[in-house]
Amino acid sequence: MDNHFDVIVLGTGLTESITAAALSKAGFKVAHIDPNPYYGADEASLSLDELTQWEENHSVTHYGEVPPHARQYSVSLAPSVIPSTGPFISSLIASGVSRYGSFKLLGRVVIYDGGALKDVPQSKDDIFQNKAMSLLEKRRLTRFLMFAGGEFENSEELHGQENSPLLDFLQKTFFLSGATARAITYALGYCYFPSETTLPALHRIRTYLKASGRYGSSSFLVGYYGGSGEIAQGFCRAAAVSGGVYILGRLVTSIASVDPGEPILTSDLPRFAVEVDNFPDRLHCRCLISSTTLLPEHLRTRADIIRPTIPSCSSTRPSAMARCIAIIDGPIILPSDTEGSGMSEASDSSLLVFPPESLEGGSAISAVHVMTAGPGTMSAPSGKGVLYISMPLPSNSGHSAETLLRPYLTAVLLLLRAAEQKTLICSTFYIQELVSYTPSTSDSLVGLLAVPSLSPHPTQGVDEAAIIAEATFRKAETSLNGERKELLNHRYEQIGFWPLLAEMDDDDGNDMQW
């Protein structure tokens, strides 16, 4: 095997996989390496057998026996949904990766309020069909949604309120009730904490309002076979089709830099040498892109960590996520609050939000998200379901994931039993640490790019991955082409992040698989 590459990418997380596919499709010679035997890194989609193996290498608390037909389950380590408009869905379609997977509309978005489940209105029709809301409240809510869906940046309503908590802004500026303000904050703006500021949340709300109606009534899609991990594998497949080389299940034992002191890569001489365990040849590249967690410390401090400005990014980032994966004996269909609410028909893919202080024994400072999956997305065999429970932690609380999430698992099981559904088979609790590295103030090595961990945000994470991937692609392309960049500017202005669909091997790359 030829061991000289333009780019070596370490880690097959979603961001790295998008980047590798874009570089490979742009004509660069790419090698993609992951120490795990599966694609997706910390966002992987695993069968229950693979999850059991993963648990052996991580600190988890597990209850129950793995059910029969374990390979028919596909569970996600980082469950998320896909906004129907935005940078990620654009990359899915433009790259042709949408052809490698299947997708469906997210069913219901539900909030736990006052001890009951209430559907969150997703459109103007939903608002006016809601019988629990007064006419005055409906008018106020409609006024806010028209404001949030428009060009609000220079509006009088927002002036001076950009950094105030969204909850306060909704109640003081639009006179919304506490219940409606909570629903918007946590189940439309998807804020983690009560202190989250108004402007980033409004950017998210505008995106989701515009996404509604593109593929159906919901603003979100869900991927089959576990979601983002399966999609990451799709981007890896696209890179391989374009000539990318893949090495999985091998540790990187050594990374050495050869820095000739040139500010740009004007020659084909390699700048990095990578040694892989039980691999005969040392690999060489001119540009090295890595997940921050896979770079050794001496290189991480000299890497250019990619952090583009993202207006919709939450103002408060969690330091960790408490997570639970639970397998349920019985289909998971959340009970409806009212008849004729105008919401979508029964679906085993839904999103339930517990605001802070909404559940006795639960968190007073964090919103908790519960995603459901089942046979409808090929995530579980017929008659079974999967619950994902996620709680953002602003700091190390010292509590175990089980202590934090057990009240929510119990509450959801009680709701399902009330609807004559079945019980828990097994559950896994764990803490996902979200390591954040500060960019070095020293000069970075030319051609060394580091990609931060994927945002755990359930609705925003995949869009952030696409934005960071494009920024990484641009920096890598500039670094590799150096002074030849000006000669290629016209070509790159034409093709953008991805090659033209007309240049792809199929003429149906713009279709989503349903």
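Residues numbered from 1 in each chain as written. Predicted model: local features only at pLDDT ≥ 70, side-chain atom pairs only at ≥ 80, totals over all residues. Heavy atoms only, no water.

**Student:** Outline the overall build of the chain, supporting the account with residue identities and numerical values.
**Tutor:** A tally of helices and strands in the chain yields 13 helices and 21 strands. For the chain, with 514 residues in total, the buried portion stands at 55%. For the chain, restricting intrachain contacts to residue pairs at least 6 apart in sequence, the fraction spanning at least 24 positions comes to 75%. For the chain, the exposed surface amounts to about 21,400 Å²; the carbon and sulfur share of it is 50%. (Helix = DSSP H or I, 4+ residues; strand = E, 2+ residues; numbered from the N terminus. Buried < 20%, exposed > 50% of the residue type's maximum accessible area, 1.4 Å probe, protein only. Contact = heavy atoms within 4.5 Å. Areas by Shrake-Rupley, 256 points an atom, 1.4 Å probe, with all protein chains shown as cover.)

**Student:** Break down the sheet that holds strand 8 (residues 109-113) for me, citing the residues and quoting the values.
**Tutor:** Across the sheet, eight strands lie side by side as 4-20-16-19-18-17-8-9; this open sheet has mixed pairing. The sheet terminates laterally at strand 4 (60-63) and strand 9 (116-119), the two strands that pair on one side only. In this sheet, neighbouring strand axes are inclined to one another by 20° on average, regardless of whether the strands run parallel or antiparallel. In the sheet, strand 18 (residues 368-373) pairs with strand 19 (residues 384-393) via five bridges, with the strands oriented antiparallel. By the bridge assignment, H369 is partnered in strand 19 with S390. Where helix 2 (residues 48-56) meets the sheet, its contacts fall on strand 4, strand 16 (320-329) and strand 20 (424-433), and the angle it forms with strand 4 comes to roughly 135°. Contacting strand 8, strand 17 (350-354) and strand 18, helix 7 (residues 178-187) runs over the sheet at an angle of about 130° to strand 8. (Pairing = 2+ DSSP bridges. Axes fitted to C-alpha atoms, helices over the stretch in contact; angles between N-to-C directions.)

**Student:** Which residues make up the packing of aromatic side chains, and what values do they have?
**Tutor:** The relative placement of two aromatic rings is captured by the distance of their centres and the angle of their planes. Tallied over the full model, the rule gives 18 aromatic pairs. Centre to centre, the rings of F147 and F169 are 6.1 Å apart; their planes meet at 40°, and the pair counts as tilted. Placement of the pair is F147 in helix 5 (residues 135-148) and F169 in helix 6 (residues 166-173), with a sequence separation of 22 residues. A relative accessible area of 11% places F147 in the buried class. Relative to F174, the ring of F147 has its centre 5.1 Å away and its plane inclined at 50°; by these criteria the two rings are tilted. With F147 in helix 5 and F174 in the loop between helix 6 and helix 7, this residue pair connects regions lying 27 residues apart in the sequence. (Phe/Tyr/Trp six-rings, centres within 6.5 Å; stacked < 30°, edge-to-face > 60°.)

**Student:** Outline unusual backbone geometry, supporting the account with residue identities and numerical values.
**Tutor:** Phi at A41 takes a positive value of approximately 50°, unusual for a residue other than glycine. For A41, the position within the fold is in the loop between strand 2 (30-34) and strand 3 (45-46). The backbone phi angle of Y225 is positive, close to 55°, even though this residue is not glycine. In this fold, Y225 is placed in the loop between strand 10 (220-223) and helix 9 (228-241).

**Student:** Describe the pairing of strand 10, listing the residues and the values that go with them.
**Tutor:** Alternating residues of strand 10 divide into F220 and V222 and L221 and G223, and every residue in both groups is buried. Pairing analysis gives two bridges linking strand 6 (residues 82-83) to strand 10, with the strands arranged antiparallel. Bridge pairing in strand 10 places I82 opposite L221. Bridge count for strand 7 (residues 103-105) against strand 10 is three bridges, and the pairing is antiparallel. Residue K104 lies in a different strand from strand 10, and its bridge partner there is V222.

**Student:** An account of the state of the cysteines is needed here, citing residue identities and associated values.
**Tutor:** Tallied over the full model, the rule gives zero disulfides. The thiol sulfur of C426 is not disulfide-bonded, and the nearest other cysteine sulfur, from C324, lies at 9.6 Å. A residue is classified by how much of its surface remains accessible, and C426, at 5% relative accessible area, is buried. (Disulfide = S-S within 2.5 Å.)

**Student:** I'd like a rundown of the packing of helix 1 (residues 14-25) against helix 12 (residues 461-481), residues and numbers included.
**Tutor:** In helix packing, the relevant descriptors are the interaxial angle and the interaxial distance, both defined with respect to the helix axes. Between helix 1 and helix 12, the least distance of the axes is 8 Å, while the angle of their chain directions is 45°. For the element pair helix 1 / helix 12, the angle class is oblique. The interaxial crossing formed by helix 1 with helix 12 has right-handed handedness. Mapping the contact onto sequence places L14, T15, I18, T19, A22 and L23 in helix 1 and V462, A465, A466, I468, A469, T472, F473 and A476 in helix 12. Taken together, the residues that form the contact of helix 1 with helix 12 break down as 11 nonpolar, three polar and no charged. (Parallel < 35°, antiparallel > 145°, perpendicular 65-115°, else oblique. Left-handed = near helix turned anticlockwise from the far one by under 90°. Nonpolar A, V, L, I, M, F, W, Y, C, P; charged D, E, K, R; others polar.)

**Student:** Describe in detail the side chain of E16, supporting the description with residues and values.
**Tutor:** Here E16 lies in helix 1. There is no salt bridge for the buried E16, and the closest opposite charge comes from R300, which lies 12 Å off by N-O distance. In contact with E16, not counting residues within four places along its chain, are V9, L10, G11, H32, S291 and V451. (Lys, Arg positive; Asp, Glu negative; His and termini not counted. Salt bridge = Lys/Arg side-chain N within 4 Å of Asp/Glu carboxyl O.)

**Student:** If you had to explain the pattern of salt bridges to someone new, which residues and values would you point to?
**Tutor:** Going through the model one piece at a time under the given rule, you end up with 15 salt bridges. D119 is the salt-bridge partner of R108, the closest N and O atoms lying 2.8 Å from each other. Of this pair, R108 sits in the loop between strand 7 and strand 8 while D119 sits in strand 9; the two residues are 11 residues apart in sequence, bridging distant segments of the chain. There is no split in this pair, since R108 and D119 are both buried. The salt bridge partner of D304 is K475, with a shortest N-O separation of 2.8 Å. Here the residue D304 occupies a position in strand 15 (residues 304-305), and K475 occupies one in helix 12, the gap between them amounting to 171 residues.

**Student:** I'd like a description of the environment of W498, backed by residues and values.
**Tutor:** Examined against the element boundaries, W498 turns out to sit in the segment after helix 13 (485-495). What makes W498 buried here is its relative accessible area of 6%. Sequence spacing of W498 and L23 is 475 residues, and the spatial spacing of their C-alpha atoms is 9.0 Å. If sequence neighbours within four positions are ignored, W498 has contacts with I18, A21, A22, K25, S91, A94, S95 and F235. A distance of 3.2 Å separates the side chain of W498 from the side chain of S91, its partner in a polar contact. (Polar contact = N/O pair within 3.5 Å; in protein donor to acceptor, adjacent residues only side chain to side chain.)

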